[in-house]
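Examination of the molecular architecture
Chain by chain, the residues:
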Amino acid sequence: MNTTTQATIDEAQLAHLRSWIGKSERTPDTINAAPVRGMTATLDRDDPAPSDGTPLPALWHWLYFLPHARQSEIGADGHPTRGGFLPPVPLPRRMWAGGRLQWNVDNPIVVGQALERVSTIRSVSHKTGRSGELLFVMVEHRFSNANGLALTEEHDIVYRAAAEPGAPEPTPVKPPLEGQDAFSRTITPDDVLLFRYSALTFNGHRIHYDRKYVTEVEGYPGLIVHGPLIATLLLDLLRRHMPDATVRKFSFKAVRPTFDLHPFSVHGKPSADGKTVELWGRDHDGWLTMQGTAELA
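Predicted model, so just to flag it, every value in this text is computed and none were measured.

1. Let's talk about the overall build of the protein
Of regular secondary structure, the protein possesses five helices and 10 strands. With respect to the three principal axes, the spread of C-alpha positions in the protein is 55 × 45 × 35 Å. Pairs at least 24 residues apart make up 73% of the contacts formed inside the protein by residues separated by at least 6 positions. Of the roughly 14700 Å² of accessible surface on the protein, a fraction of 51% belongs to carbon and sulfur atoms. Charge centroids of the protein, computed over 31 positive and 34 negative side chains, lie 2 Å from each other.

Below, the structure is given as structure tokens:
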């Protein structure tokens with residue numbers, strides 16, 4: 001039996017979406033202390049109050065360079081209406097798929113610093129299969145301060161078709177290093193945690209706070225825990241257990257959505273030589289939800 005979903009994006013539409021490849025935009029921002037204080041509280045940390053010169057923890061740059069679309073420009077899903085910098089993909093479900101980051105450890109990002117982000121759309125790819133129709137957009141971000149390039153990030157965005165009744169779900173998998181973790185932490189993703197992270201990142205996407213929308217319109221069983229929040233919790237776990245470590249590179253991939261219906265956990269295992277740390281998230285059933293690798297300086 002052929003279980004491949006019929007595509008709704010034809011070749012002409014795909015060519016139009018691919019015309020966005022190479023499009024760039026520049027965004028300035030300043031690493032103010034207030035978002036750092038907010039994230040510290042949200043992650044339940046006991047860090048000293050940030051001041052000018054305080055190093056920004058890895059992935060906390062996601063608190064800055066935020067899109068500030070006018071209220072009249074917000075779409076039905078709570079995101080800015082499509083078009084503009086990102087291509088106007090017609091598929092309704094939009095999520096982070098993963099990313100790859102490389103920090104210049106000799107040029108750290110610190111509180112009080114002015115930065116510029118140059119964002120460029122590098123690829124637009126399309127496929128269909130058992131899990132439905134997917135379109136991937138990869139955006140490269142380059143962050144520079146007065147001393148030059150500080151961080152390079154490749155951000156993968158996935159767009160999916162609406163859920164079809166009875167459609168097969170991707171087969172869940174167990175973490176490859178199940179039972180081998182050196183440290184772990186259990187997180188309870190209540191409405192307040194999701195709201196606070198949405199507020200810190202100025203993220204209006206309704207899948208994270210509007211239970212009626214996420215269950216009745218997008219067809220998910222509960223509120224979705226932000227992919228970048230889980231990635232942040234992975235590196236926060238590393239920081240809690242290896243506080244002197246400096247992350248040079250980090251790659252991560254979202255494998256399975258995490259919902260607010262149950263606690264979930266994050267896990268880590270350093271390599272024998274101490275140069276890398278394998279990190280992963282698992283849901284309450286033990287299925288792998290996110291997998292990442294941190295390379296240390």
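2. Thoughts on unusual backbone geometry
Backbone geometry places Asp44, a non-glycine residue, at a positive phi of 60°. Asp44 gets classed as exposed once you look at its relative accessible area, which sits at 60%. In this model, Phe202 sits at a positive phi of 50°, which is unusual for a non-glycine residue. Topologically, Phe202 is positioned in the loop between helix H3 (191–200) and helix H4 (211–216). Given a relative accessible area of 49%, Phe202 falls into the partly exposed group.

3. Here we look at the pairing of strand E8 (residues 264–270)
By the criterion of burial, E8 is predominantly enclosed, with five of the seven residues buried. When strand E6 (residues 183–187) meets E8, the two strands line up antiparallel, connected through five bridges. If you follow Arg185 over to E8, its bridge partner there is Val266. Two strands pair when backbone bridges link them, and E8 and strand E9 (residues 276–282) are joined in this way by six bridges, in the antiparallel orientation. Across the sheet, Val266 pairs through a bridge with Gly281, a residue of E9.

4. Describing the packing of aromatic side chains
In this structure the tally under the stated criterion is five aromatic pairs. Taking 5.3 Å as the distance between ring centres and 70° as the angle between the ring planes, the aromatic pair formed by Phe65 and Phe143 counts as edge-to-face. Here the residue Phe65 occupies a position in the loop between helix H2 (33–42) and strand E2 (93–103), and Phe143 occupies one in strand E4 (residues 132–145), the gap between them amounting to 78 residues. Owing to a relative accessible area of 4%, Phe65 belongs among the buried residues under this scheme. Their ring planes at 45° and their centres at 6.0 Å tell us that Tyr220 and Phe259 sit as a pair that is tilted. Of this pair, Tyr220 sits in the loop between H4 and helix H5 (227–241) while Phe259 sits in the loop between strand E7 (247–254) and E8, and the two are 39 residues apart along the sequence. Residue Tyr220 is classed as buried on the basis of its relative accessible area of 7%.

The rules behind each value
Residues numbered from 1 in each chain as written. Predicted model: local features only at pLDDT ≥ 70, side-chain atom pairs only at ≥ 80, totals over all residues. Heavy atoms only, no water. Helix = DSSP H or I, 4+ residues; strand = E, 2+ residues; numbered from the N terminus. Contact = heavy atoms within 4.5 Å. Areas by Shrake-Rupley, 256 points an atom, 1.4 Å probe, with all protein chains shown as cover. Lys, Arg positive; Asp, Glu negative; His and termini not counted. Charge placed at Lys NZ, Arg CZ, Asp CG, Glu CD. Buried < 20%, exposed > 50% of the residue type's maximum accessible area, 1.4 Å probe, protein only. Pairing = 2+ DSSP bridges. Phe/Tyr/Trp six-rings, centres within 6.5 Å; stacked < 30°, edge-to-face > 60°.

Worth remembering: the numbers are spatial, not functional.
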